[in-house]
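Observations on chain architecture
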Amino acid sequence: MTAPSAVPLTGILIDSTRSLTFTFEDRPVTALAGQSIAAALYAAGVRVFSRSFKYHRPRGLFCVSGDCPSCLMQVDGCPNVRTCIEPAREGQVVRRQNAWPSADFDVLRIFDRFDRFLPVGFYYKHFHRPRWLWPIFEHTVRHIAGLGRIDLDAGPFPTAVVEHLHTDICVIGGGPAGLAAAAAALAAGARVLLLERGPQLGGHLLYDGGRPGEIEPLRAVLESPRAQVLCGTTAFGLYEGNLVGAFREGGLLKVRARHVIVCTGSRQQPFLFPRNDLPGIMLGNGVLRLAHLHGVRAGRRAVVLTDNDGGARLAGQLADLGIEIAAVIDQRVEGPCTGDWPTFTSSTVLEARGNKRLRAVRLARRDANSQIIPTTEQEIACDLLCLVSEPAPANELLLQAGMRFRPQGGRWLPDGTVPGLSAAGGAAGTLGLDAQVQEGRLRGAEAAAVLGYAVGFDFRSALADFQLRNAPAPAGAVLGNHLASLANRKSFVCLCEDVTVKDLEQAIAEGFDHIETLKRYSTVSMGPCQGKMCSLAASAVCARVTGRDPAIVGTTTSRPPAVPVDLGVLAAGRRHHPVRRTPLHHWHQAAGARWLDAGWWKRPESYGDPESEVRAVRQAVGLIDVSTLGKIELVGPDAAELLERVYLNRWADLQPGRIRYGVMCTEEGILFDDGVGARLGPDRFYLTATTGNADAVFQWLELWRDTWRLDVVLLNQTAGTAAMNLAGPKSREVLARLTRLDVSAAAFPYLALREGEVAGVPCRLLRLGFVGELGYEIHCPAAYAWHLWEALVQAGAAFGLRPFGVEAQRVLRLEKGHLIIGVDTDSLSNPLDAGLEGLVRFDKPLFHGREPLLRLKAMGPRCRLVGFRIDAPVAIPAELEGCQVVEQGRPVGRLTSVRFSPTLGGCIGLAWVPAAESRPGTRFHFHWAGREVPARVVPTPFYDPEGKRLKC
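Reading the values: rules and limits
Residues numbered from 1 in each chain as written. Predicted model: local features only at pLDDT ≥ 70, side-chain atom pairs only at ≥ 80, totals over all residues. Heavy atoms only, no water. Phe/Tyr/Trp six-rings, centres within 6.5 Å; stacked < 30°, edge-to-face > 60°. Helix = DSSP H or I, 4+ residues; strand = E, 2+ residues; numbered from the N terminus. Buried < 20%, exposed > 50% of the residue type's maximum accessible area, 1.4 Å probe, protein only. Lys NZ or Arg CZ within 6 Å of the ring centre and 35° of its normal. pLDDT = per-residue confidence, 0-100. Contact = heavy atoms within 4.5 Å. Pairing = 2+ DSSP bridges. Salt bridge = Lys/Arg side-chain N within 4 Å of Asp/Glu carboxyl O. Axes fitted to C-alpha atoms, helices over the stretch in contact; angles between N-to-C directions. Left-handed = near helix turned anticlockwise from the far one by under 90°. Parallel < 35°, antiparallel > 145°, perpendicular 65-115°, else oblique. Nonpolar A, V, L, I, M, F, W, Y, C, P; charged D, E, K, R; others polar.

1. Structural notes on the packing of aromatic side chains
In this description, an aromatic ring pair is defined by two values, namely the gap between the centres and the angle between the planes. Tallied over the entire structure, the rule returns 11 aromatic pairs. Here Phe672 and Trp700 contribute two aromatic rings whose centre-to-centre distance is 5.2 Å and whose plane-to-plane angle is 55°, an arrangement assigned as tilted. Of this pair, Phe672 sits in strand E35 (residues 671-681) while Trp700 sits in helix H20 (residues 694-708); the two residues are 28 residues apart in sequence, bridging distant segments of the chain. Among the residues examined, Phe672 registers a relative accessible area of 15% and is labelled buried. Taking the relative accessible area as the measure of exposure, Trp700 reaches 13% and is therefore buried. Residues Trp700 and Trp704 carry aromatic rings whose centres are separated by 5.8 Å and whose planes lie at 70° to one another, so their mutual orientation is edge-to-face. Of this pair, Trp700 and Trp704 are both found in helix H20, 4 residues apart, which corresponds to roughly one turn of the helix. The same class applies to Trp700 as to Trp704, namely buried. Here the aromatic residues Phe672, Trp700, Trp704 and Trp708 are joined through ring pairs into a cluster of three or more. Stacked on the ring of Phe492, the Lys or Arg Arg59 has its end atom at 5.3 Å from the ring centre. In this structure, Arg764 is placed above the aromatic ring of Tyr686, and the distance from its NZ or CZ to the ring centre is 4.5 Å.

2. Section: the confidence of the model for the protein
On average, residues of the protein score 90 in pLDDT, and 95% of them reach the 70 mark or higher. Confidence over residues 1-6 falls short of pLDDT 50; this stretch has 17 contacts with residues more than four positions distant or in other chains. Note on residues 476-482: pLDDT under 50 across the span, and 25 contacts to partners over four residues away in sequence or across chains.

3. A word on the pairing of E35
A regular strand places its side chains so that they alternate between the two faces of the sheet. The element E35 is largely enclosed, with a buried count of 10 among its 11 residues. Here 7 bridges tie strand E34 (residues 659-665) to E35, and the two strands are oriented antiparallel to one another. In the sheet register, Tyr661 faces E35, and the bridge partner there is Val676. Connecting E34 to the antiparallel partner E35 that follows it, the hairpin turn spans 5 residues, and Gly669 within it adopts a positive phi of roughly 85°. Where E35 lies against strand E36 (residues 684-689), 4 bridges are found, and the strand directions are antiparallel. Residue pairing in the sheet places Gly681 in a bridge with Arg684 of E36. Where E35 folds back onto E36 in an antiparallel hairpin, the turn is made up of 2 residues.

4. Side note on the pattern of salt bridges
Pairs can form between side chains of opposite charge whenever their charged atoms are close. The tally for this structure, following the rule as stated, stands at 55 salt bridges. Residue Glu773 is joined to Arg949 by a salt bridge in which the shortest nitrogen-to-oxygen separation is 2.9 Å. One end of the pair, Glu773, is in the loop between strand E40 (761-768) and strand E41 (775-781); the other, Arg949, is in helix H25 (residues 948-951), and 176 residues separate them in sequence. Glu773 sits in the buried class, given a relative accessible area of 1%.

5. Section: the packing of helix H12 (residues 501-509) against helix H13 (residues 515-522)
The contact between H12 and H13 brings their axes to 10 Å, and the two run at 120°. Crossing of H12 against H13: the hand is right-handed. Residues Leu504, Ala507 and Ile508 of H12 form the contact with H13, whose own contacting residues are Leu518, Tyr521 and Ser522.

6. Focus on the environment of Asn276
Tracing the backbone through its elements, the reader meets Asn276 in the loop between strand E14 (266-267) and strand E15 (281-283). Sequence spacing of Asn276 and Glu86 is 190 residues, and the spatial spacing of their C-alpha atoms is 25 Å. Among residues more than four places away in sequence, those in contact with Asn276 are Phe271, Ile281, Lys490, Ser491 and Phe492.

7. Side note on the packing of helix H19 (residues 639-646) against H20
Two numbers describe how H19 lies on H20: the axes approach to 11 Å, and their chain directions differ by 110°. Judged by the angle between their axes, H19 and H20 are roughly perpendicular. Crossing handedness for the pair H19 and H20: right-handed. Across the interface between the two elements, Leu642, Arg645 and Val646 of H19 pack against Trp700, Leu701, Trp704, Arg705 and Trp708 of H20. Taken together, the residues of the contact of H19 with H20 sort by class into 6 nonpolar, no polar and 2 charged.

What follows is the structure in structure tokens.
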């Protein structure tokens, strides 16, 4: 056996001539400059770094790469910092989290003793009866489970910035393959951006026996003027259009690349055996990182558990570090026997021994049927167990972009191609340094050639030859290699969520045998590591229990962010939202308008006194800018047919010159939009859509026009056409002063359309009554809007005309009981419950939502949208919107629109209530400001229910 060495280690990242001091749980800790927080703590004797999410089991360093939850701590008030990759800084304040009273002695570890009573999904099954028990249980679980807690007094944090970068080729990963890819692309003349998560280039060569400074590609990349290298930069998402999301200290990066080459390497995976989470159990590469990057020896006496030749190699490296090798345990039947330490083939670890840290491992041999041979069991004392599994690709970004992988010959290999995307090195399942460098070179040349740069060799033939020579021989899938001993319920698959093999077996037995449903029921791979340490093992367990092929089971969906990102980084920088202004925007501005954001539009909320504006419309005349409405013209022989299919009501029988109110639903029968439509001729229609849905409605019509192959042309006239609504009992007199059109009730009745000049401007006039008064909606070319508006204002001055804004309009429409889709409805509202059942024409053979609405009609309504009045005085009625309708203290509905009506002298509104409570006269209560306020259902419209005023 190799004796421990007292020779100190020198880490690549540290400066041994400079030291610093930070505070760890009220005591000072000395670290070397460049050393990570976790490495400094490990050197100071700390072994328990955190407590687990559910059972509060002690956890120590495991991967030393930021891919697992074991090192998460609170640093300067910021929770869940990955201390294994976070550099130590002078004056830092570091604390462990999720433990009480301390991580060394956590009384909540008692839950570990009762794990039989806390099986997977227990929160779905227990503590719901009696009802009073659930709030107590929920409150307790929220305080016991979880990770760090935000320190609200720790800020303010520095403001992050956003950088937008553009390049020909973005290489993600600065290891051997990434450097070779970048160098090849640069040699062809392309511009290259290289992103590396670590503080230095070199990848695994920094800790795994290489000399990155002597690699020729490294020198070529650093010396090229077309290369931009960003170390300390983590790519977390690969989005549509080759948008790479990344972050580094102080900012968010948005990278647009014509081609992306992912060279993020590979990572070792945990083995599954009882108590496989004890501090002292680490990935083999984690031990090397701790030693070669940070200058810290992980233990004194080590056992190596492996399923490949890398185990024997690691044993030799550990011996060179001065760590005694107690044994190498190889799960294979045959393996290399090198060194003067015991090597056990066809063997496995039965259990790890220890309480707060590893003390020993119990091992045994397996027979030809993989059964444990009891007579071969033995225990080996050690303080370090190194896990050396076959590497799995770090392919999260590739999966996000649509690339798929297949297990072959014990490796995961890319299955298919994605335009503008390629992978090289460990991320592509390639093993061996020479092969990784060669593949990187070929992928870099390929990317440059695709972009039109000249490559000086036949890269296609070279790539085909490389793939042929490096194809693995057929063998069992890599998914099965993680399974060691599964006899005990404390074999942890997911270190983040404390999910064990037994938990997964139980979940599968309960019917959650698809990997996606298994993930959601058990929460495996849903923790901080996002499946990096557990996804393949979970798939292996699922494959074993269900008897399916691992390739069929697959893995769970990878979504961004691949690594956690501070919310402060994602919220960084100025948000540039589109802003739309109507042609009359500056007139409103000069008139003292208070602005309201309506979608992308700026609209006048009021001109200072909404109540006076309401009274002006009711008693005289008002004018509002409605240019934000969607305005769409349909031309073609199938125009009526398209409207018949997308609207609930009929359109084919609409006569030219007439207007009809219409409502459209999604295929699920959910309210989508409403508006009016006018027939201009046999094959011409003119539609309006709500402000917020104007673009969506146009796209919706185009989608179904193309889907059904209908002969109709759609013209979006929203931006080029202005619109204004002249409303009030005096509106006819104002309009008559500016037009030669006959605007009398007989010649221009309600729901009619006329075209003619107003103040010399060609206009389209619609006789409507959204606000409940005689009104004319006037549409004109946007270029003439200002002239027409001022002409109306001048003509109406003698009649008391006032411009009014959105707030007054909402009061006016509410007095008429008109709903607003998106305000009074949500993503579950259907027209039958919303009181629009009279518009639904079930005799039509085809329209969106017909079948779901037929089923809903047969079931009967569960809730209804009703009008209500509040008899009790309420100080601020606008704040009531969104309040819950309650029944015996339980929410059964909600208020959607509430306003004080100056016309009616009281508070009115619309609300969703249970169908049984929707009859006029029924009283209900809603919760507001800590009390229950009474209200009563009343018929709508509240104002002028016969509609005499708008039809006069």
